[in-house]
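Structural characterization, general
As a plain string of letters, each chain reads:
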Amino acid sequence: MAKGDRLLSLEGTRGRGRKSFGSASKLLRSPEAATIRFGECELDLERRELRRGGQPCHLTPRAFALLALLMAERPRAVRKADLRTRLWPETYVSNTALAQLVTELRKVIGDEARQGLWIRTVFGYGYAFAGEAAEADEAQAAKPAPAVGPAPTRWLLWRSQVLPLTEGENVVGRGHDAQVRIAVSEVSRRHARIVVAATGTTVEDLESRNGTFVRGQPVHRATPVADGDEVGFGPELTTFCAPSQSKKTRTAPRRRR
């Protein structure tokens, strides 16, 4: 099955033999529908949901259909006329309506027209999906098997996820090269540095755009953290966990009989 046929339900042909959605909301709902990852976003075709940083995004049905269509045709550019025919079958719309739809999509996925990181404008022709994308099973297969080692003694708890910290320097950020990755647009690619040593753990901001905070206070220099401290990376809040630093359980007084 061709990639475009797998992603989109193009029901029949209309007019001059062109494929059409039939309606903007008719996408494939078969078990073969994939979840496609790009950057911090996931396009879930089976659930008809777009997630960014793990959180569902509000997207109109036509904007969702536009993203699925460009994804199916990637990296080929699609003509504006073909996009209008597929998204608004048997209805005349101007290029302005299509441009507004592209603007909506770019805003939701964190793209900008000048950069064209994900949605590329082909002037005088149409649009194309420009970034790297992979189906969830492919992306998972590409990851190396995790090394078996001792359980971490320090970690961050973020949105019910455990982010392990290793001895030495741990860079926190949304970039793929960050040791502690928080894939949210408000977090800088290299946002902060956490240093784990025998003498303690410190957090240091790396000139991030939205700042780093420990116990609600801005971090301007290497700041010590203890078990249970709240550490913020921009608006994203985490909890530093170091059970070995916690105080020993106090002995309860004996009850009189």
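The coordinates are above.
Residues numbered from 1 in each chain as written. Predicted model: local features only at pLDDT ≥ 70, side-chain atom pairs only at ≥ 80, totals over all residues. Heavy atoms only, no water.

1. Focus: the packing of aromatic side chains
Rules: Pairing of aromatic rings covers Phe, Tyr and the six-membered ring of Trp, with a centre-to-centre limit of 6.5 Å; geometry is then stacked below 30 degrees between planes, edge-to-face above 60, and tilted otherwise. Here a strand is any run of E in DSSP of at least two residues, a helix any run of H or I of at least four, and the numbering for each starts at the N terminus. Only protein chains enter the accessibility calculation, which uses a 1.4 Å probe. A residue is then buried if its area is under 20% of the maximum for its type, exposed if over 50%, and partly exposed in between.
Scanning all chains against the criterion turns up 3 aromatic pairs. Here the aromatic rings of phenylalanine 38 and tryptophan 118 are separated by 5.2 Å at their centres, their planes lie at 70 degrees, and the arrangement is edge-to-face. Of this pair, phenylalanine 38 sits in strand 3 (residues 35–38) while tryptophan 118 sits in the loop between helix 4 (95–109) and strand 8 (119–122), and the two are 80 residues apart along the sequence. Judged by relative accessible area, phenylalanine 38 falls into the buried class, the value being 1%. Centre to centre, the rings of phenylalanine 38 and phenylalanine 129 are 5.3 Å apart; their planes meet at 85 degrees, and the pair counts as edge-to-face. Linking phenylalanine 38 in strand 3 with phenylalanine 129 in strand 9 (residues 126–129), this pair joins segments that are 91 residues apart in sequence. Among the residues examined, phenylalanine 129 registers a relative accessible area of 2% and is labelled buried.

2. Comments concerning unusual backbone geometry
At the junction of arginine 74 and proline 75, the peptide bond is cis and its omega measures out at 0 degrees in the coordinates. Structurally, proline 75 can be placed in the loop between helix 2 (61–73) and strand 7 (78–79). You will see that glutamate 90, though not glycine, has its phi angle at about 55 degrees, which is positive. With respect to the helices and strands, the residue glutamate 90 is situated in the loop between helix 3 (80–87) and helix 4. Look at arginine 215: it is not a glycine, yet its phi comes out positive at around 55 degrees. Here arginine 215 shows up in the loop between strand 17 (212–214) and strand 18 (217–218).

3. Digging into the sheet that holds strand 18
Stated precisely, the cut-off is as follows: One bridge is not enough; two strands pair if DSSP finds at least two bridges between them.
Across the sheet, 6 strands lie side by side as 12-11-21-20-17-18; this open sheet has antiparallel pairing. Two strands lie at the open edges of the sheet, namely strand 12 (161–165) and strand 18, each paired on one side alone. Bridging between strand 20 (residues 230–233) and strand 21 (residues 236–241) involves 4 bridges; their strand directions are antiparallel. Opposite glutamate 230, over in strand 21, you have threonine 239 as the bridge partner.

4. A word on the packing of helix 3 against helix 4
Our working rule: Lines fitted to C-alpha atoms define the axes, with helix axes restricted to the stretch in contact, and inter-axis angles between N-to-C directions lie between 0 and 180 degrees. Here is the rule for angles: anything less than 35 degrees is roughly parallel, anything more than 145 is roughly antiparallel, 65 through 115 is roughly perpendicular, and the remaining ranges are oblique. Two residues form a contact once any of their heavy atoms are found within 4.5 Å. Under the scheme applied here, ten amino acids are nonpolar (Ala, Val, Leu, Ile, Met, Phe, Trp, Tyr, Cys and Pro), four are charged (Asp, Glu, Lys and Arg), and all others, including Gly, are polar.
The interhelical angle for the contact between helix 3 and helix 4, taken along N-to-C directions, is 80 degrees, at an axis separation of 10 Å. Here helix 4 runs roughly perpendicular to helix 3, going by the angle between their axes. The segment helix 3 lies against helix 4, with Lys80, Leu83, Arg84 and Leu87 engaging Asn95, Leu98 and Leu101. Looking at the contact of helix 3 with helix 4, its residues break down into 4 nonpolar, 1 polar and 2 charged.

5. Observations concerning the pairing of strand 3
Here 4 bridges tie strand 3 to strand 4 (residues 41–44), and the two strands are oriented antiparallel to one another. By the bridge assignment for strand 4, isoleucine 36 is matched with leucine 43. Between strand 3 and strand 4, which pair antiparallel and follow one another directly, the connecting turn spans 2 residues, one of which, glycine 39, has a positive phi of 60 degrees.

6. Overview of the sheet that holds strand 15 (residues 192–197)
The strand order 14-13-15-16-19 describes an open sheet built from 5 strands, whose pairing is mixed. Each of the sheet's edge strands pairs with one partner strand only, and the pair in question is strand 14 (180–181) and strand 19 (223–225). In this sheet, strand 19 lies alongside strand 16 (residues 200–205) in antiparallel orientation, the contact comprising 3 bridges. Its bridge partner being in strand 19, threonine 202 is matched across the sheet by proline 224.

7. A word on helix 4
The following threshold applies: For a helix, the expected span equals 1.5 Å multiplied by the number of residues minus one. Within this analysis, the arc is defined by the directions that extend from the helix axis to the C-beta atoms.
Compared with the 21 Å implied by 1.5 Å per residue over 15 residues, the 21 Å span of helix 4 between its first and last C-alpha is a close match. Looking at helix 4, one finds that the buried residues are Leu98, Leu101, Val102, Leu105, Arg106, Val108 and Ile109. Along the axis of helix 4, the buried positions cluster into a sector of 165 degrees, meaning they face one direction only. Exposed residues lying more than 90 degrees from the buried face of helix 4 are Gln100, Thr103 and Lys107. Just beyond helix 4, the residue with positive phi is glycine 110, at close to 80 degrees.

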